[in-house]
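Topology and contacts: notes
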Amino acid sequence: MSLQTESGAPILTESHDELLTESESASSPLQAKATLTLRASGYLFKYCTLRAKATLKLTARQLDANAIPGPSGLNALMKIVTDPINPTLVLDQYLLLWFYAHPNQCQVSLQIDDEAESQPAWAWENPGNTQPAILKIDSAEIPGDGMTHRLRLYVRYAIAGKISAPTIFTLTGKLNPKDFLETPEWCGATLIRQGETFITDLTEVRWRHPGAVRIVAKYQIRNTAKTAWIETETTVGYADYDEDACLIEDVGTRIWVGGSNTRDVTFGVAAIRKNQFGPVQWAAQPIAIQQRNTNATQPTPINPDTATAVDLSEIQLQNQIYNEIRAQYPQLTNWNLTNTILSKLKLRIKDITRKGGAVTLDDLGRFEARWNTEGTKRSVAFSPSIGFKEGTKQGRLLTDAEARA
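A few points on the structure. (Residues numbered from 1 in each chain as written. Predicted model: local features only at pLDDT ≥ 70, side-chain atom pairs only at ≥ 80, totals over all residues. Heavy atoms only, no water.)

Comments concerning the environment of Arg292
Secondary-structure assignment places Arg292 in the loop between strand 18 (287-290) and helix 1 (314-328). By relative accessible area, Arg292 is classed as buried at 9%. Each C-alpha atom of the pair Arg292 and Ser260 lies 7.5 Å from the other, and the pair is 32 residues apart in sequence. If we skip the residues at most four places from it in the chain, Arg292 touches Gly195, Glu196, Thr197, Phe198, Ile199, Thr200, Asp201, Asp250, Gly252, Thr253 and Trp256. Here Glu196 takes part through its backbone oxygen, which lies 2.8 Å from a polar atom of the side chain of Arg292. (Helix = DSSP H or I, 4+ residues; strand = E, 2+ residues; numbered from the N terminus. Buried < 20%, exposed > 50% of the residue type's maximum accessible area, 1.4 Å probe, protein only. Contact = heavy atoms within 4.5 Å. Polar contact = N/O pair within 3.5 Å; in protein donor to acceptor, adjacent residues only side chain to side chain.)

Take a look at the structure:
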């Protein structure tokens, strides 16, 4: 269809060809020429008419199709519909995509992982609407192997046999295999001990399942507005494939909402495979567990070294050594001698270590310089001797020979 003037006559080019619309193409480059005439009049010393002519030349050429960008606003969503009662049963899966263009003037292609690009059948979900147009692809199915798969969409304009550059959108999807989301055969829970002020509750959970499981607890908590109770589930443990029981401790602090009454907690287990969890197999009966206030005053910890522990400064240590030496050698009255010996000992150890060496003191340990694996940084380390280490563990004075005996 040609472009027309207001009077309905077609607009002609210089070669008297009709000027076509954008959706049509001509067999040759479009050219046109227009002549402009300027007339002006005014008061002059001598009356005359001003005339001027100008020529405006228009040349248009058709671009290559692949230089035209694809449709805008491309987006997509993978929908996987499962049975609400049996989540292992997939009822349907499809791909929804939308973009701003007329679908009948576009080519839609899909690529899953590294497979070849294909053009699937699609249905226009909102016919006539291109703001945006919504399409549904029923054949966009991903494998049910529990792995994440990539879906890449390409949408191109396809008009009069010409294909534009693609607009591309990528998304991912994952579908658990049917044989993976198995449910453990049985689960039961037994309360072993109720919690008290300073003692936690203890519950034994048992199950029958050949693989690893996640252990969960289900109970009610207050909603954010504190106006109603809602059910929640929380993970309380994990077990490997060769286990069939687990001790769960201190659930009482999880369920504390104030007061001292007991609250019902239901335990269950879910299968684990490929970092995914299957449906939960719940115990037949809930367990009434005593609430525990986490802010309760804790008992004073027992310190078995209270009667013997001593914290000395360097001066106090020097005084003790000096007194012990005076008790054995009364004639020694020079306190500075002890101070000098200790100072020289420290400085000598530090001097040898800073130069990359080591000092080993029997019945005490080894001071040494150590380099990192790259050989760019040096640090200092102290390794206690076996007598020092074992004697400290046992609370005794042991030499290295006694510790080895």
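Here the narrative resumes, following the displayed structure.
Re the pattern of salt bridges
Enumeration over the complete set of coordinates arrives at 15 salt bridges. Among the salt bridges present, the one from Glu185 reaches Arg208, with a minimum N-O distance of 3.7 Å. Here the residue Glu185 occupies a position in the loop between strand 10 (167-174) and strand 11 (186-193), and Arg208 occupies one in strand 12 (residues 202-208), the gap between them amounting to 23 residues. Taking relative accessible area as the criterion, Glu185 reaches 61% and is therefore assigned exposed. A residue is classified by how much of its surface remains accessible, and Arg208, at 44% relative accessible area, is partly exposed. Here Asp351 ties to Lys355 by a salt bridge, and the two come within 3.4 Å at their closest N and O atoms. One network of salt bridges, in which partners are shared, links Arg348, Asp351, Arg354 and Lys355. (Salt bridge = Lys/Arg side-chain N within 4 Å of Asp/Glu carboxyl O.)

Considerations on the sheet that holds strand 21 (residues 378-384)
In space, the 3 strands of this open sheet follow the order 19-20-21, with antiparallel pairing throughout. The open sheet is flanked by strand 19 (358-361) and strand 21, the only strands paired with a single partner. Each neighbouring strand pair of the sheet contributes to a mean axis angle of 20 degrees, computed without reference to strand direction. (Pairing = 2+ DSSP bridges. Axes fitted to C-alpha atoms, helices over the stretch in contact; angles between N-to-C directions.)

Overview of the sheet that holds strand 4 (residues 90-100)
Adjacent strands of a sheet form backbone hydrogen bonds with each other and so pair up, either parallel or antiparallel. Taken together, the 4 strands give an open sheet; going across it, the order is 3-4-7-6, and neighbouring strands pair in antiparallel fashion. Pairing within the sheet leaves two strands with one partner each, and these edge strands are strand 3 (72-82) and strand 6 (123-124). The pairing of strand 3 with strand 4 spans 9 bridges and is classified as antiparallel. Within strand 4, the residue paired with Thr82 across the bridge is Val90.

A short note on the packing of helix 1 against helix 2 (residues 335-354)
Packing of helix 1 against helix 2 brings their axes to within 9 Å, and their N-to-C directions diverge by 125 degrees. With respect to helix 2, the axis of helix 1 lies oblique. The handedness of the crossing between helix 1 and helix 2 is right-handed. Residues Glu314, Gln318, Asn319, Ile321, Tyr322 and Ile325 of helix 1 pack against Trp335, Thr338, Asn339, Leu342 and Lys346 of helix 2. For the contact of helix 1 with helix 2, the class distribution of residues is 5 nonpolar, 4 polar and 2 charged. (Parallel < 35°, antiparallel > 145°, perpendicular 65-115°, else oblique. Left-handed = near helix turned anticlockwise from the far one by under 90°. Nonpolar A, V, L, I, M, F, W, Y, C, P; charged D, E, K, R; others polar.)

Observations concerning the packing of aromatic side chains
Working definition: an aromatic ring pair is given by the centre-to-centre distance plus the angle between the planes. By the definition in use, this model includes 2 aromatic pairs. Geometrically, the ring pair formed by Tyr238 and Phe277 is tilted, given 6.4 Å between the ring centres and 35 degrees between the ring planes. Of this pair, Tyr238 sits in strand 14 (residues 229-239) while Phe277 sits in strand 17 (residues 276-282), and the two are 39 residues apart along the sequence. Ring centres 4.7 Å apart and planes at 40 degrees place the aromatic pair Phe367 and Phe382 in the tilted group. Of this pair, Phe367 sits in strand 20 (residues 365-371) while Phe382 sits in strand 21, and the two are 15 residues apart along the sequence. (Phe/Tyr/Trp six-rings, centres within 6.5 Å; stacked < 30°, edge-to-face > 60°.)

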